[in-house]
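Single-letter residue listing:
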Amino acid sequence: MPAIGSKRPSKASKVAKEVALQDPLTALPGIGPTSAARLQALGLSRVEDLLFHLPSRYQDRRFLTALASLQAGMETAVLAEVVAMERLPGRRPQWRFSLRDGTGSLAVRFFHLTPYQRQQWRIGRRFWCFGEVRAGQGSWEMIHPEWESADRPDFRPPEHLTPFYPSTAGIHQQQWRRFLQMALALLPSLEDPLAPLLPGWLPLSECLRQIHQGTESSPEHVLPYRRRLALEELLAHHLALRRARQQNAPLLQRPRPVCDHLWQKLLRTLPFQPTPAQERVIAEIVADLGKEQPMRRLLQGDVGSGKTLVAVATILHAVAMGMQVALMAPTEILAKQLQEQLEKWLRPLSVAVGSLTGSLASRERQAVLGALATGELAVLCGTQALFQEGVTFAHLGLVIIDEQHRFGVDQRRKLLEKGRLPHLLVMTATPIPRSLAMTLHADLDLSIIDALPPGRQPIETLVLSDHRRVELIERLRGLLQQGRQIYWVCPLIEESELLALQAAEASFRQLQEALPEFPIALIHGRQRVDQKNQSMEAFRRGDVQILVATTVIEVGVDVPNASVMVIENAERLGLAQLHQLRGRVGRGTAQSLCLLLYRGPLSVKARERLQIMRDSQDGFVIARKDLEMRGPGEFLGIRQSGEFSFRVADLLRDEDLLALLPDLASALERQPKARDVVLERWLGKRLQGYGAIG
Ligand code: ADP
Ligand code: MG
């Protein structure tokens, strides 16, 4: 067992002399090819990378608990003397040691000890142990605590918080701490190109030391150090995007005259007028289509703001100008829905729309691919299947990506490579302020739909205990009799699709029994795609009035007549997800209703989340509250899902840092070597994905 409190100065100083931060991890003693491969899977390949692998939490092991004060469930450190030992019979030998400290007693049990370790555990020796206390036979017990001999002259109990690292199978926490101890010995040689540009900020090495050594008295105090890293990470991202933009700048195409006759034709048959906000962004986009530099534009608009119509306008201009269009969505359901909406609008204009998804039968696939290669097919909707090998466009001129936060930069790039300098429009509902969006998407121009279509009524949101389920179902009967359609969502709970499915099936049966006169369908992630599509289609046509679903319907689904949404276990969902889900209703002109069902007792935070949902419908407000509610300790080293996966930075929390980026980036661009240090450190291999597109 490695010593926890002691510093092992000999090994660390040896490392400091013989190893460089840029060396492969195997340069460190104790990291062989097997561990190196495991670390590689976490994206760590050089010694320096260890320094940027941050703890996800800390444990406080500084204080000892007297054995008389132990309680079941406590995680704590103790220091006591071995008074008895016992080898427990069984197929594999177990060891049980009785410890005393003058106040009480504790048993410590091990399922395996190496002969060397076994040697150390003798009667009369004193040990420091850290572990969870449980009730054992006749006394408190710790099973496999972390331990070390308290008799060694260099023994010291931990002075600082003990870090815990995000890990992978085969690398345990003590190894992480040992690796980091060695890497930290190399801190003096860490390059810090930002230091001269950031007067008043602590040097990078100091921040890393504080974070890894848990020097502060509580996790909250680590935050200022973390921000220094967040700044550098955000800067790396910003630099990469600026570089992509610069590399793209000279890639020009022949400018073509803008041609709007198809769009004008559609406008004459459209049942509604585009809103002024839609008209404005359409004008911005269309102007791009006529330029010699390919469009790189982000369209942002809250859920339900009408991004699809903007996409249609873009497509019709592009097609009229002789381009082929690819439209990519993150799920098959969405791709299918887009295709249907487009067909409805484009077929009368004699514009052919096809679709390509993973589940397409091979014969149909061949037909689609054929028509695409000849140029017969003007518009192709689909999932990731669009950028697979074997998909060849005759003249792909425009790529549109819906719900782009679900895709990575490299996927976007792969699709663009199917054409020669195609235009790019990416669409997102992620609500971020303009200045933030411009820094984050430094490679894109920005258009924002800032108003919802008219006639929308606010969604009435009610929070209900699950006890009132039966009563609720009775109320739904009245709404169903008026012809309303209802989503009943059973969200993914604790990452278990199976549990979500069971919950959805149970609710499905209950609703079927209680409301037998109304057509109902069940849709979930384990169904075949064509089954899902069939149910979705029936719901869209109105043949199904109640759609029971797991969260497969979360993004983008658009059925305007569906005006009631019930969300089970709403207390378990985050605000962003609740907002996305609720955005499925309130799309028509009918007064919509969202019922958030919860199972008590509610935690303080869950109650607050549900209240926020009840009180606000504004994506910006909800995102902001979401930020305010996340507690300390939740933000260290946590990966974010979505369009950017930052290791340290948190877009909302670190928003104020974004303002610093443009100037820092300009300064670093004048020092290419320094810039490359930052890019390589934070992006490494991911840098390719940010490259120029052409
Ligand atoms: P999102 O921005 O979330 O993708 P959609 O494009 O799905 O939103 O649009 C939401 C709903 O609003 C759709 O039913 C669409 O037909 C409708 N809609 C879009 N634009 C207008 C408009 N200008 N007037 C009235 N309804 C509109
Ligand atoms: Mg949409």
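Please read these numbers as outputs of a predicted model, since none were measured by experiment.

Cut-off values and rules
Residues numbered from 1 in each chain as written. Chains lettered and ligands numbered in written order. Predicted model: local features only at pLDDT ≥ 70, side-chain atom pairs only at ≥ 80, totals over all residues. Heavy atoms only, no water. Helix = DSSP H or I, 4+ residues; strand = E, 2+ residues; numbered from the N terminus. Buried < 20%, exposed > 50% of the residue type's maximum accessible area, 1.4 Å probe, protein only. Contact = heavy atoms within 4.5 Å. Areas by Shrake-Rupley, 256 points an atom, 1.4 Å probe, with all protein chains shown as cover. Lys, Arg positive; Asp, Glu negative; His and termini not counted. Charge placed at Lys NZ, Arg CZ, Asp CG, Glu CD. Pairing = 2+ DSSP bridges. Expected span 1.5 Å × (residues − 1). Arc of directions from axis to C-beta.

Caption draft 1: Geometry of the overall build of the chain. When helices and strands are counted, the chain shows 23 helices and 22 strands. Along the longest, intermediate and shortest principal axes, the C-alpha atoms of the chain span 95 × 70 × 50 Å. A buried classification covers 55% of the 694 residues belonging to the chain. For the chain, contacts bridging at least 24 residues in sequence account for 75% of all contacts bridging at least 6. Only carbon and sulfur atoms are counted for the fraction: they give 52% of the accessible area of the chain, which is about 30300 Å². Treating the 86 positive side-chain charges of the chain as one cloud and the 74 negative ones as another, the clouds have centres 4 Å apart.

Caption draft 2: Broad picture of the sheet that holds strand E8 (residues 146-149). Read from one edge of the open sheet, seven strands run E6-E7-E4-E3-E2-E5-E8, paired in mixed fashion. Edge positions in the sheet fall to strand E6 (134-135) and E8, since each of these pairs with one other strand and no more. With seven bridges joining them, strand E2 (residues 75-88) and strand E5 (residues 126-132) adopt antiparallel strand pairing. When the bridges of E5 are listed, Ala 80 appears paired with Phe 127.

Caption draft 3: Representation of helix H12 (residues 362-374). Here H12 is 13 residues long and its end C-alpha atoms lie 18 Å apart, about the 18 Å a rise of 1.5 Å per residue gives. Of the residues making up H12, those classed as buried are Arg 365, Val 368, Leu 369, Ala 371 and Leu 372. Mapping the buried residues of H12 onto a view down its axis gives an arc of 165°, with all of them on the same face. Opposite the buried face of H12, at more than 90 degrees from it, the exposed residues are Arg 363, Gln 366, Ala 367 and Thr 374. Buried residues in H12 make contact with strand E11 (324-328), strand E12 (353-356) and strand E13 (379-382). Positive phi shows up at Gly 375, right after H12, with a value of about 90°.

Caption draft 4: Expanded view of the pairing of strand E18 (residues 485-489). Most of E18 is tucked away, with five of its five residues classed as buried. Of the two faces of E18, both are covered, the one formed by Gln 485, Tyr 487 and Val 489 as well as the one formed by Ile 486 and Trp 488. As paired elements, E18 and strand E21 (residues 562-567) share five bridges and run parallel to each other. Paired with Ile 486 across the two strands is Val 564, which belongs to E21. Alignment of E18 against strand E20 (residues 546-549), held across four bridges, turns out to be parallel. By the bridge assignment for E20, Ile 486 is matched with Ile 546.

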